[in-house]
Structure formats: C-alpha cells, structure tokens
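Results of the structural survey
These are the residues of each chain, in order.
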Amino acid sequence: MIKVAINGFGTIGKRVADAVAAQPDMEVVGVSKTRPSAEAYIANQRGYPLYIAEINKRKAFEDAGIEVAGDVTEMIKHADIVVDATPGGVGVKNKKLYELYGVKALWQGGEDHEVAGFSFCSSCNYTEAKNRQFVRVVSCNTTGLCRIIQAMDEKFGVERVRATMVRRGSDPGEVKKGPVDAIVLNPVEIPSHHGPDVQTVLPHIDITTMAMIVPTTFMHMHAVQMDLRSDATREEVLEIIEKHPRLGLVRKGTGITSTAELKEFAQDMGRRRADLYENCIFAESIGFVGRELFLFQAIHQEADVVVENVDAIRAMMNGADDATTSIAMTNRALGFTAI
Ligand code: NAD
C-alpha cells in the first residue's frame, strides 16, 4: 500500500484524501490543518489521523474536541508521498521539509511550474512522471484544456488554440470572496496565464487564452477554438470524447445548457459532493468552420484535479505502468465513468 499524507485538508485536500482512501493500492496516513474548523471535525470523523502545522496550537484543537495525532513533521515521517494542498504560495515553502525527510511530494496548480520542474496531466504525460520525487499537478482550468487539446492533437494535430475562460468567483464555502455583482476581467491583459500553463505540459501547442471572473461558485466555462492540422468531422470528435475516460459529453437530450443544471445532474447521479471529475463538453456546441473546431466545456474546479492527483501518486510510486491503467483504476475506485 502506498502511504499518502495530505498537507492542507481544504477544498482540494479533503477530496484527494477521500479519493486516495477509496483506492485499493493506497492509504491515508495523515491529513493536516492549521486551526480548528469544520474540516478538522470531518478528518476525525473519517478516521484520518489529524496533524497540525504548529504544535503549540494543540490545546485549541483539543479544547474544540478535535483529536490531534502530532505535528506535520511527524506526519511526513509516516508517508511515502505527500500531497501538498496548502494555499498557492504556501506549498513552495514546504519544499525544504520534504527534501529534509527525503519524501516524495506533489503540489497543486497554485504553485509555479518551477516548484517541481515538472507539470502533470494524466492523459498527457503520465509516463514522464514515473519515479519522480517532485511533481506539480496543473490547475483545474489547465487540466481541462490539456485533456481536450491532447485528445485532438493525438488524432488530428493541433495547429493553434484560442480559448476564453469564464471563471467562477469563489468556491461555494468561501464567504469572503467575490465578485457579487460584476464581471471582472482577470486579467485585463491578453494572454492570461492559462496558455503558458498549458505549455508546461504540452510545450509544442500554440495557445492564447483570455479570462474573466463571474459571480458563481460552481464550475468554470471555457469557449474553445482549435485549428486542426487535418480534416475532421463532428462525428469523429464526438467518438473521441465518448471513448475518453476523462472527457464527458453533455447531450442534447438532457436539456442541460448551464452549470446550475449540471450541478443538479451530478447530485442526481449520486456523485459525492456533486463532483464532476471529467470535462463536461456540450455535444451540441461541437462544430467546425473549415478545420477550425469550436466547443464549450464546463470544468468543475473542485474536482477535475482530484483524480489527476491520484494518478500522479501512482506514477511517482511506480504503481501502474501507464496512464490508461492508472486512470481506469482511479475511476473504478471512485465508481464513475465519464458522463
Ligand atoms: P483551501 O484554502 O480550501 O485549503 C487549503 C488548506 O491548507 C486549508 O485547510 C488550510 O487550513 C491549510 N493550510 C494552510 N496553510 C497551511 C500550512 N502551512 N500547513 C498545513 N496546512 C495549511 O485551498 P484549496 O482551494 O484547496 O487550494 C489548494 C491548492 O489547490 C492551491 O494551490 C490552489 O491553487 C489549488 N487548486 C484549487 C482549486 C479550487 O478550485 N479550489 C482548483 C485547482 C487547484
């Protein structure tokens, strides 16, 4: 069993912990929090040993009725690999600790590519992650872009990508973030950082991105245009998406035309926390002008990177030979097939 510690039990960390616990070849040896919170109670309830960043806060946790197993350095000693899911900019500061204890570590997209020198997306570069000590799993938007671009590039060749990201304002639990009543260009300048971030995984892709933030909490929406190098039909694109384990199709018959309806759909399917791990590509939006492919895809910011973290662990620990095997194991353990 691969012993996994999760440093930072927040939006991403708690989902990664549950996904790891569901895998037949992995176990959670600890999770960490900085202060008593609802998530700390959940860690106790799930039976995940709870470690804390500063041991002098132990009394505050115990006064709140939360059991503490020790501090983060103790947690690291029990682990083969640490998933760092602390807030962007905090994770990089933990690198020295991982180096000191000689433990493998993977970071999230809030850190720069340089933190690990290798950026990961399961269906793009699984094999290159094998046996590495440090890996960064790219952000939710970058993961969503990389998946669809790689799938089209493999079959038709991709000459150029243009994509606009309409991003959620905050995660559902974040009461202090916005916007409440605005569309915020983020950034105003073009390109946004998403294009260069895709190139950390797929360096040969010519891509330019624009981004804005809107007052919603569930999912981002991407408007994607791709110039393909060879002729392709809508039917061929649909077939590739249907066969891909991390690309989902939102079919016309469902009547779904919004992220709100997708959330309802995820809940009705019985997905834990309404998590949509796959790209949700609107079937009717797929179309061509010449060799230029157009589509809309919705990306669940809290979920798509979770399954990528599990595959990254497996690659780094040499737990499965290839992406196809690992992705199938991860999906099966979570009981899902792409919509
Ligand atoms: P979050 O704020 O929800 O959770 C971070 C957790 O880390 C919190 O539980 C906090 O208590 C804990 N923490 C803070 N400092 C710590 C420390 N020094 N040691 C141990 N724990 C500490 O953040 P998040 O949204 O889960 O984001 C985590 C990472 O994942 C970031 O890099 C972010 O960019 C990336 N990411 C977030 C999303 C998203 O939509 N939320 C999507 C993809 C990637």
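Below is a summary of the structure that appears in this document. (Residues numbered from 1 in each chain as written. Predicted model: local features only at pLDDT ≥ 70, side-chain atom pairs only at ≥ 80, totals over all residues. Heavy atoms only, no water.)

Turning to the pairing of strand β2 (residues 26–33), a few remarks are in order. β2 sits mainly inside the fold: seven of its eight residues count as buried. The pairing of strand β1 (residues 2–7) with β2 spans five bridges and is parallel. Paired with V4 across the two strands is V28, which belongs to β2. In this view, the connection linking β1 to its parallel neighbour β2 by way of helix α1 (residues 11–21) has right-handed handedness. As paired strands, β2 and strand β3 (residues 50–52) are joined by three bridges and run parallel to one another. Looking at β3, one finds that S32 is bridged to Y51. The handedness of the β2 to β3 crossover, carried by helix α2 (residues 38–46), is right-handed. (Buried < 20%, exposed > 50% of the residue type's maximum accessible area, 1.4 Å probe, protein only. Helix = DSSP H or I, 4+ residues; strand = E, 2+ residues; numbered from the N terminus. Pairing = 2+ DSSP bridges. Right-handed = clockwise from strand over helix to strand, strands pointing away.)

The next subject is empty space enclosed by the protein. Per the stated rule, a full pass over the model turns up one cavity of 30 Å³ or more. As a volume, the largest cavity reaches approximately 30 Å³. In terms of lining residues, the largest cavity is bounded by R160, V161, R162, Q225, M226, D227 and E292. Looking at the lining of the largest cavity, the elements that each hand over two or more residues are β9 (158–168) and β12 (220–228). (1 Å grid on protein atoms, 1.4 Å probe; cavity = no way out; pocket = protein on both sides within 12 Å on 5 of 7 lines; lining within 4 Å. Points joined across faces, edges and corners; volume = space filled by probe spheres on them.)

For Q297, the position within the fold is in strand β16 (residues 292–299). We classify Q297 as buried; its relative accessible area is 0%. At 3.2 Å, the side chain of Q297 forms a polar contact with the backbone oxygen of G144. When neighbours within four sequence positions are excluded, Q297 is seen to be in contact with G144, L145, I148, H220, M221, H222, V224, N279, C280 and I281. (Polar contact = N/O pair within 3.5 Å; in protein donor to acceptor, adjacent residues only side chain to side chain. Contact = heavy atoms within 4.5 Å.)

We now examine the packing of helix α11 (residues 304–316) against helix α12 (residues 323–333). Taken N-terminus to C-terminus, the directions of α11 and α12 make an angle of 130°; their axes are 9 Å apart at the nearest point. Between α11 and α12, the interaxial angle falls into the category oblique. Relative to α12, the crossing made by α11 is right-handed. Residues V307, V310, D311 and R314 of α11 form the contact with α12, whose participating residues are S326, I327, M329 and T330. (Axes fitted to C-alpha atoms, helices over the stretch in contact; angles between N-to-C directions. Parallel < 35°, antiparallel > 145°, perpendicular 65-115°, else oblique. Left-handed = near helix turned anticlockwise from the far one by under 90°.)

Okay, the side chain of R136 next. Tracing the backbone through its elements, the reader meets R136 in strand β8 (residues 134–137). Within polar-contact distance, the side chain of R136 engages the backbone oxygen of E111 at 2.7 Å.

Contact geometry of helix α7 (residues 140–156) with α11 gives a least axis separation of 9 Å together with a crossing angle of 75°. Considering the angle they form, α7 stands roughly perpendicular to α11. Along its contact with α7, which presents C140, T143, G144 and R147, the element α11 presents D304, V305, V307 and E308. Residues of the contact of α7 with α11, tallied by class, amount to three nonpolar, two polar and three charged. (Nonpolar A, V, L, I, M, F, W, Y, C, P; charged D, E, K, R; others polar.)

T11, I12, K33, R168 and D171 are the nearest of the 22 residues found near the ligand. For the ligand, the accessible surface in isolation is 830 Å², of which the surrounding protein chains cover 80%. When contributions to the shell around the ligand are tallied by element, the ones reaching two or more residues are α1 and β2. (Near = heavy atom within 4 Å. Areas by Shrake-Rupley, 256 points an atom, 1.4 Å probe, with all protein chains shown as cover.)

The description of an aromatic ring pair uses the distance of the two centres, along with the angle that the planes make with each other. Following the criterion strictly, the structure yields five aromatic pairs and no others. In textbook terms, an aromatic cluster arises when at least three aromatic residues are bridged by ring pairs, as seen for Y98, W107 and F134. (Phe/Tyr/Trp six-rings, centres within 6.5 Å; stacked < 30°, edge-to-face > 60°.)

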